[in-house]
Amino acid sequence: MMGSNNPGGAGGGGGMAPGTGAGGSDGRHDDEAVLTEFLSSLMDYNPTIPDELVEHYLGRSGFHCPDLRLTRLVAVAAQKFISDIASDSLQYVNPQPHQFAFSPQCISSVGALQSQGCSTCQR
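Analysis parameters
- Residues numbered from 1 in each chain as written.
- Predicted model: local features only at pLDDT ≥ 70, side-chain atom pairs only at ≥ 80, totals over all residues.
- Heavy atoms only, no water.
- Salt bridge = Lys/Arg side-chain N within 4 Å of Asp/Glu carboxyl O.
- Buried < 20%, exposed > 50% of the residue type's maximum accessible area, 1.4 Å probe, protein only.
- Helix = DSSP H or I, 4+ residues; strand = E, 2+ residues; numbered from the N terminus.

J.: Would you mind showing me how to read the pattern of salt bridges here?
T.: For side chains bearing opposite charge, pairing can occur when the charged atoms are close. If you walk through the whole model with that rule in mind, you get 3 salt bridges. Among the ionic pairs, Asp67 bridges to Arg69, the shortest N-O distance being 3.1 Å. By relative accessible area, Arg69 is classed as partly exposed at 28%. Where Lys80 meets Asp84, a salt bridge forms, and the shortest distance between an N and an O atom there is 2.9 Å. You can see Lys80 and its partner Asp84 sitting in helix 3 (residues 68-93), 4 residues apart, about one turn around the helix. Given the relative accessible area of 33%, Asp84 is considered partly exposed.

Below, the structure written as structure tokens:
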């Protein structure tokens, strides 16, 4: 298998190097065009997390970049991360009605509260 490291040599493993072959450079060009379009669309978007706050924490971590598009990209990623955490925690805190409907502990607790005259349990 010594010939597999030979670029462009015969006897390779059937794989093509990135950016070579039919359509390889076109795919890379398409990816760059999509990335450029996405980064330019970030200039029109006003993220929830202010640019100054993102720049402050990026600066504290040692990252300094004058490109506002990159700062907004980090802001959008942070916003998505926080949104996912909030969504997951909301699903964890709000149990589904069927989860506790037949729980013996829940039924005995409701029965005990009803016997003591708890008005919220008498629905």
